[in-house]
Amino acid sequence: MSDLAIEREIDRTKMSVSDEVAIQITGMNKWYGQFHVLRDINLTVNRGERIVIAGPSGSGKSTMIRCLNALEEHQEGQIIVDGTELTSDLKNIDKIRSEVGMCFQHFNLFPHLTILENCTLAPIWVRKMPKKEAEDLAMHFLEKVKIPDQANKYPGMLSGGQQQRVAIARSLCMKPRIMLFDEPTSALDPEMIKEVLDTMIELAEEGMTMLCVTHEMGFARQVANRVIFMADGQIVEQNEPEEFFNNPQSDRTKQFLSQILGH
Amino acid sequence: MSTLTDPPKDSFRLSMLINDTRYRSLTFQALAFLALALSFMYLGNNLIANLRAAGLNINFGFLTDTAGYDISQKLVEYSNQDSHSRAAFVGLLNTILVAVLACVTATVFGVIAGVLRLSNNWLVSKLMAFYVEIFRNIPVLIWIIIIFTIMTAVMPAPRAFRGDNATATMVFDAFAFTNRGIYTPLPWFANGIFESQALNWLLVLVVACGSWFAARRVNVWATAKQEATGERPNTLPMLLGIWLAPFLILMLIMGLTWEYPALKGFNFQGGIKIGGPLIALWFALSIYTGAFIAENVRAGIQAVSKGQTEAAAALGLRPSKVMNLVVLPQALRIIIPPLISQYLNITKNSSLAIAVGYADITATLGGITLNQTGRAIECVLLLMAFYLTASLLISLVMNVYNASVKLKER
Amino acid sequence: MTDQTTNSIAFVADGNIPQSPPPARETGVVKWMRENLFSSWANSLLTIVAGLVIYMVLSGALPWMWNGVWTTSSLSECREVLAGEVGGCFSVLSERWNQLLFGFQYPQDQYWRPTLAFVLLFIAGAPVLFFDLPRKMLAFTAVYPFLAFYLIWGGTIMAPIVAFLGMGAAAFVFQTYGKGSFALGFFGAIVAAFAVWIIGGALIPEGASETAMLQAVPSRDLGGFMLNLMLGVTCVSLSVPLGIALALGRQSDMPLIKWICIIFIEFVRGVPLITLLFVASVMLSYFFPPDSTVDLFLRVVIMITMFSAAYIAEVIRGGLAALPKGQYEAADSLGLDYPQAMRLIILPQALKISIPGIVNVAVGLFKDTTLVSVISMFDLVGMIRGPILASTEWAGVYWELLGAAAILFFIVCYGISQYSQWLERRLATDHR
Ligand SMILES: Nc1ncnc2c1ncn2[C@@H]1O[C@H](COP(=O)(O)OP(=O)(O)OP(=O)(O)O)[C@@H](O)[C@H]1O
Ligand SMILES: [Mg+2]
């Protein structure tokens, strides 16, 4: 799983990082009951950054990015997404959720709706878009993920890779400024991993701010501009991919990398 | 042994019947048919011999004889001078009445209990779990008897309402809970458009249907508008108007009046009387089946994975929209088929009416008529035919629903 | 790298941040109450309503139970003892307990027999319900029906012995010949059983019942909760094999057999049990040979067995349908014939999946055994509504009796459904 079999050149010209802050996390802590899952997380993400989050299972990666769109609530610290602070205020949560897209490991497409309906649901009901406009938008993004011909099928009739690409298109239809990915490829076969990663790279090439939990180290090397390593609920190390892989500092990072790249 | 298991070569044709796949199934079916025919012949012979010995025959002529018994709870005119078939018809309507009433209330109970059981309020969800377990695990017959006992042994007699030192009072001066049943006000039309009250009520029904169609038109219009502009107009005032205005106007024109039950002599007169047996059966079937429906509802909602809710929330949908657009459409597909078979169970369990003397079809045709005429075979056959028809109709509805859902999925 | 990143990105944690307890408002009873009872105003309202309901029920029921009288011999005495206070007359239970359990006609000095049969039921049922127990215990399960029959009905011991020998002969024949050809073994077994029964029946001397060690008790003397349990256990155990046969028949590709099974199943499922009980009580005797007398208990058992077999068949059909098609194909490709494939590959798996469903049918059926009170058999409900409430001593003691009946049924049904849930969990992990 170490190398990415992308044939084409990756266009990095647009992947520039601006000075504008997209996400700011300061001193965030979270508990599940008595269990301290996230410990003093501090992280600033600038607009245009592509961040890969890695770490052993159970280290709190999912929990952290789920906190960013309030799927989980944090108990201490501050999270500011796109200038809006995440509080229990429903207005803020709505605002953030409509600006942050998310893709899940198991796609979570709505099985009772067609692909097109999956994509137009949120634009119609949240963005209050006329149906025709929403459908055009959806077709635009479905074309972008290269499955416009499946628009009228149901999710159950698509392959895993296709489903995940629909899930990405569905998020994109809300025109998010930030995308969160929680292990988008780990439920897929190698063949399909490639098509999904391809889509994600295209997104990166367009300058999307991305936070991505993944074990695809090839993707991390070539697309990310920063790799974050988490263990036991804290950020143990972060660095540019080159440095991170070639010259890990902490022992836990070294151990993790030797395991994941070793075979 | 081997001679037994390997048929000798010379009986070649015979062995083909057993060992050749072409004939084998025919052989078995012929054997099965033979066995079936023989046993039917045997049973039929016994039946004929027994009937002859008892001097009986099979004849449905008794249905036109005078029934001679009274039925207190009835939806259509009936007196003890009417025929047995009329009595059976009264019973049939009573079965339908209690089944429909119980289906409606059981659904209400079940949905409320099922949803509350998933509530994050610990006390309420535990209470609902308790309700479900208690009612599911005790026979419905016992529940019917318990509620019937409440109706007959706990409620005050009508005479308790009488005199200056009455021990019981009417609720709001309109409802009387007595050991003979519950009396409620009866709505009727003082200057109805038609002579007969029934036709007037039919008119009300027609108007309600009209409102329903109009309401649907409004919804279609709202959806079209939303599709065109993105904003869904607020249809609530319009829907309220559509439902209420024609109804109220009709009531006003026809002069809706309430006839209140009042104590006259030893009993209440006027109003609607809902007999104790009907209440017992209706209520017991509702809470008993409600417990099962609650489980179906809970299972249906829980079957929609957490990922679905999360994905919808991550797209920015509000909780009420998540429920309406994502969870319910999926949950309903899981809930409705078992719900329909619960309706089937209610219909079948309504036959327990006989235990509390509610005159449903089992109690009339299978009870009094059977005992009076001694026509056991005829009565039981008719009874079964009725329930079979009802079951088949309900399963038909279920199959149509399942097919329509399946079409959408694939 | 083309990125315009600075070195400031690089970061290494100084060390481990230790586990720390959550903030104070996140712990303790207060937090629990806030989250689980008062998280919103609607929730608080629900809590208060629920609390009120519980208070009302308990404030009515607790004093009634607490002040209950257990030792008087009639309702009027009990009312005297209570002297106007709220309280239950539970003495009806202590006085009529035996009647509630055994009916009012079972000989009193013989109560130990059904009791013993009931206790042994657990030993016989255990190896069927819990797979971990030694398989040898199944031997006792095989003997149990005959033993229980002897204990409950009494009479000559020869009858159950002959019945048992007949079944034994059938099993032996099936074991011997069934391996070669299923049909041969099956029909051979039936012939063997009947042969033993006919010969054995002829050998039992006339009037053996009168001189028997255990006094013979006729079926019509059975009653009370014992009758419910007997009907439930007998009918469920008889209907499982019948249900399997029906389910297989319904799946068969022989149209005649398939349609017989479909018609039977749908017919039985389409009518209420009460109509089938009417058949048992007033109609079935017309179909037996003119001079035979088949007692009501047996007729009821026949009808209830048919009833539950149809439902069990549907459960098993679900289990068969849940098996992956590959299992059928694998069995075929191994060269197994139909009976072998079913017996060795398909049924063991399908039945395992179906057990929770079968248990649910069993619970439903057990509750439905109360319906026999409608055709004037004196089961628990029949006893309460008939002899006890009609007696001069206890006319009017409703709640104590109905409550006791409800509790008895609740204990059994809740117990069985807990077992079914346990089993479902276990099967779910077994299959991983
Ligand atoms: N709802 C919950 N309640 C209690 N504990 C939880 C809950 N969800 C997660 N946890 C615990 O929190 C820790 C972090 O979980 P998380 O899902 O964030 O891990 P992860 O890094 O995403 O792991 P993976 O790579 O396996 O997805 C785990 O130890 C998990 O057991
Ligand atoms: Mg995770």
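Please read all numbers here as calculations on a predicted model, not as lab measurements. (Residues numbered from 1 in each chain as written. Chains lettered and ligands numbered in written order. Predicted model: local features only at pLDDT ≥ 70, side-chain atom pairs only at ≥ 80, totals over all residues. Heavy atoms only, no water.)

Q: Report on the interface of chain A and chain B, specifying residues and quantitative values.
A: Listed as interface residues are 30 residues of chain A and, on the opposing side, 27 residues of chain B. Its largest share of buried area at the contact with chain B, chain A owes to Phe110(A), His112(A) and Trp125(A), together 24% of the area lost on that side. Summed over the shared surface of chain A and chain B, the result is three salt bridges. For the salt bridge of Arg66(A) with Glu310(B), the shortest nitrogen-to-oxygen distance reads 2.5 Å. At the junction of chain A and chain B, the tally comes to seven residue pairs in polar contact (both at pLDDT 80 or more). At the level of secondary structure, the elements contributing two or more residues to the side of chain A that touches chain B comprise α2 (90-99), β6 (100-103), α3 (115-125), α4 (131-144) and α5 (160-172) of chain A. Here the side of chain A that touches chain B gets four residues from one element, more than from any other, and that element is α3(A). Of the residues that constitute the side of chain A that touches chain B, the class distribution is 18 nonpolar, five polar and seven charged. (Contact = heavy atoms within 4.5 Å. Buried area = accessible area lost by both parts, 1.4 Å probe. Salt bridge = Lys/Arg side-chain N within 4 Å of Asp/Glu carboxyl O. Polar contact = N/O pair within 3.5 Å; in protein donor to acceptor, adjacent residues only side chain to side chain. Helix = DSSP H or I, 4+ residues; strand = E, 2+ residues; numbered from the N terminus. Nonpolar A, V, L, I, M, F, W, Y, C, P; charged D, E, K, R; others polar.)

Q: I'd like a rundown of the state of the cysteines, residues and numbers included.
A: Residue and element names in this part refer to chain C. A complete count under the given rule lists one disulfide over all chains for this structure. Covalent S-S linkage joins cysteine 78 and cysteine 89, the inter-sulfur distance amounting to 1.9 Å. Disulfide cysteine 78 to cysteine 89: torsion about the S-S bond roughly -85 degrees, handedness left-handed. You can see cysteine 78 sitting in helix α3 (residues 75-82) and its partner cysteine 89 sitting in the loop between α3 and α4 (91-102), a full 11 residues away along the chain. Here cysteine 78 and cysteine 89 have matching classes, each one buried. (Disulfide = S-S within 2.5 Å. Buried < 20%, exposed > 50% of the residue type's maximum accessible area, 1.4 Å probe, protein only.)

Q: Mind laying out α5(A), listing which residues take part and the relevant values?
A: An α-helix turns once per 3.6 residues; consequently, residues spaced three or four apart project the same way. With 13 residues, α5(A) extends 18 Å from end C-alpha to end C-alpha; this agrees with the ideal 18 Å at 1.5 Å per step. Most of α5(A) sits inside the fold, with 13 of its 13 residues counted as buried. (Expected span 1.5 Å × (residues − 1).)

Q: Outline the interface of chain C and chain B, supporting the account with residue identities and numerical values.
A: On the side of chain B, 57 residues touch chain C, which itself brings 56 residues to the contact. Between chain C and chain B, roughly 5100 Å² of surface is buried when both sides are summed, and carbon and sulfur atoms account for 76% of that area. Three residues, Tyr286(C), Phe287(C) and Lys367(C), lead the burial of chain C against chain B; their summed loss comes to 13% of the area buried on that side. At the junction of chain C with chain B, the criterion picks out zero salt bridges. One can count 15 residue pairs in polar contact (both at pLDDT 80 or more) joining chain C with chain B.

Q: Run through the packing of helix α9 (residues 276-303) of chain B against helix α11 (residues 319-349) of chain B, naming residues and quoting values.
A: All names here are of chain B. Where α9 contacts α11, the two axes come as close as 8 Å, and the packing angle between them is 160 degrees. Judged by the angle between their axes, α9 and α11 are roughly antiparallel. As α9 packs across α11, the resulting crossing turns out to be right-handed. Only Val327, Ala331, Ile334, Ile335, Pro338, Leu339, Gln342, Ile346 and Asn349 of α11 make contact with α9, whose side of the interface consists of Leu285, Tyr288, Thr289, Phe292, Ile293, Asn296, Val297, Gly300, Ile301 and Ala303. (Axes fitted to C-alpha atoms, helices over the stretch in contact; angles between N-to-C directions. Parallel < 35°, antiparallel > 145°, perpendicular 65-115°, else oblique. Left-handed = near helix turned anticlockwise from the far one by under 90°.)

Q: Provide a residue-level description of the sheet that holds strand β5 (residues 84-85) of chain A, including the pertinent values.
A: Think of a sheet as strands paired side by side through backbone hydrogen bonds, with each pair either parallel or antiparallel. Residues and elements named next belong to chain A. Across the sheet, four strands lie side by side as β2-β1-β4-β5; this open sheet has antiparallel pairing. In the strand order of this sheet, the two ends are held by β2 (35-46) and β5, each with one partner. Two strands pair when backbone bridges link them, and strand β4 (residues 76-81) and β5 are joined in this way by two bridges, in the antiparallel orientation. By the bridge assignment, isoleucine 80 is partnered in β5 with glutamate 85. (Pairing = 2+ DSSP bridges.)

Q: For the site of ligand 1, give the residues involved together with the corresponding values.
A: All names here are of chain A. Around ligand 1, the structure places Tyr32, Phe35, Val37, Pro56, Ser57, Gly58, Ser59, Gly60, Lys61, Ser62, Thr63 and Glu183. Within the side chain of lysine 61, an N or O atom sits 2.8 Å from an oxygen atom of ligand 1. Mapped onto the shell around ligand 1, the elements with two or more residues apiece are β2 and α1 (61-68). Ranked by residues supplied to the shell around ligand 1, first place goes to α1 with three residues. Considered class by class, the residues forming the shell around ligand 1 number four nonpolar, six polar and two charged. (Near = heavy atom within 4 Å.)

Q: Any chance you could break down helix α3 (residues 21-54) of chain B for me, citing the residues and the numbers?
A: The first and last C-alpha atoms of α3(B) sit 49 Å apart over 34 residues, in line with the 50 Å expected at 1.5 Å per residue. Thr27(B), Gln29(B), Asn46(B), Leu47(B), Asn50(B) and Leu51(B) are the residues of α3(B) that are buried.

Q: Which residues make up the nonpolar core, and what values do they have?
A: If you look at the biggest cluster of nonpolar residues, it comprises 209 residues, and the most contacted ones within it are Ile23(A), Ile53(A), Leu211(A), Leu222(C), Phe297(C) and Val300(C). When residues no more than four places from it in sequence are discounted, the contact partners of Leu211(A) are Ile23(A), Val45(A), Ile51(A), Ile53(A), Ile65(A), Leu68(A), Met179(A), Leu180(A) and Phe181(A). The next biggest cluster of nonpolar side chains, apart from the first, holds 55 residues, and it includes Ile10(A), Ala134(A), Ala224(A) and Leu257(A). (Core = buried A, V, L, I, M, F, W, Y, C linked by side-chain atoms within 4.5 Å.)

Q: Give me the lowdown on the side chain of Lys61(A), citing residues and values where you can.
A: Relative to the assigned elements, Lys61(A) resides in helix α1. Among residues more than four places away in sequence, those in contact with Lys61(A) are Ile53(A), Ala54(A), Gly55(A), Pro56(A), Glu183(A), Val213(A), His215(A) and Met230(A).

Q: Can you tell me about the confidence of the model for chain B, naming the residues and giving the values?
A: When pLDDT is averaged across chain B, the result is 87; 94% of the residues are at 70 or more. Among the scores for the predicted complex, ipTM is 0.89 and pTM is 0.87. (pLDDT = per-residue confidence, 0-100.)

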